[in-house]
Amino acid sequence: LSWQPLAGYDLKKVFADSPFIHWSGNNNQIYRTLIDLHHDGLVENEVILPESGPARKVYSITESGRSELRDWLSSVPEAPQHRNEFLVQLAWSDEMSPSEVTALLDGYIHAVEVQRLVAQEEKRRSRVNPARTAREAILWAALHDNRIGYYENELAWARRLQAELDHDVTPTDGV
């Protein structure tokens with residue numbers, strides 16, 4: 001809402017279209033949160049009566065809301081969490097045959113390549129990119145680059161591992 005006034009439905013679309021703004025909630029949670037923010041004086045709303053269709057309640061941030069946002073922006077960010085089910089699979093993959101491990105790595109590499117391509121396309125399309133100022137445009141491009149870089153790093157790591165396993169692992173009897 002610091003970007004622009006939005007209705008709850010439009011806010012949900014912003015969340016859905018952005019690879020950086022994560023919201024795992026549903027419509028009821030969005031509207032409940034907007035009501036709570038309004039109650040706390042952090043947002044205000046205006047009912048818009050269009051020429052056709054239902055009325056829309058559009059929310060905008062208040063000065064108190066901007067102050068709270070600035071306080072949150074100034075707080076120490078949490079360290080990123082790295083949870084990757086593939087790493088758990090890989091930890092026990094010595095139970096698999098070399099060809100099964102290769103297939104596991106190939107599948108992971110393919111999945112990460114797809115995600116990298118999606119991230120690159122999302123950057124190209126940049127559906128959610130406020131770019132109200134030159135600095136904001138740079139920041140949003142950096143967000144996209146960070147996401148793409150994550151996938152590129154993951155691909156490089158997986159390919160190095162695959163090459164190392166192909167070079168150094170000799171088949172054993174049994175597994």
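Residues numbered from 1 in each chain as written. Predicted model: local features only at pLDDT ≥ 70, side-chain atom pairs only at ≥ 80, totals over all residues. Heavy atoms only, no water.

Student: In this structure, what is going on with the pattern of salt bridges? I would like to understand it.
Tutor: With the rule as written, the count across this model stands at eight salt bridges. With a closest N to O distance of 2.8 Å, Arg125 and Glu121 form a salt bridge. Taken together, the residues Arg125 and Glu121, both in helix H5 (residues 98–125) and four residues apart, mark about one turn of the helix. Exposure remark for Arg125: the relative accessible area of 52% places this residue in the exposed category. Between Arg132 and Glu136 there is a salt bridge, with the nearest N and O atoms lying 2.7 Å from each other. The class of Arg132 is partly exposed, set by a relative accessible area of 47%. (Salt bridge = Lys/Arg side-chain N within 4 Å of Asp/Glu carboxyl O. Helix = DSSP H or I, 4+ residues; strand = E, 2+ residues; numbered from the N terminus. Buried < 20%, exposed > 50% of the residue type's maximum accessible area, 1.4 Å probe, protein only.)

Student: Before we go on, may I ask you to explain the packing of helix H1 (residues 8–17) against helix H2 (residues 27–39) in this structure?
Tutor: Each pair of packed helices can be summarised by the angle the axes make with each other and by the distance between the axes. Put simply, H1 and H2 touch, their axes get as near as 10 Å, and they point 120 degrees apart. It follows from the interaxial angle that H1 and H2 lie oblique. In the crossing of H1 with H2, the sense of the turn from one axis to the other is right-handed. Here H1 contributes Gly8, Tyr9, Leu11, Lys12 and Phe15 to the contact with H2, which in turn contributes Asn27, Ile30, Tyr31 and Leu34. Taken together, the residues that form the contact of H1 with H2 break down as six nonpolar, two polar and one charged. (Axes fitted to C-alpha atoms, helices over the stretch in contact; angles between N-to-C directions. Parallel < 35°, antiparallel > 145°, perpendicular 65-115°, else oblique. Left-handed = near helix turned anticlockwise from the far one by under 90°. Contact = heavy atoms within 4.5 Å. Nonpolar A, V, L, I, M, F, W, Y, C, P; charged D, E, K, R; others polar.)

In short, shape yes, function no, at least from these values alone.
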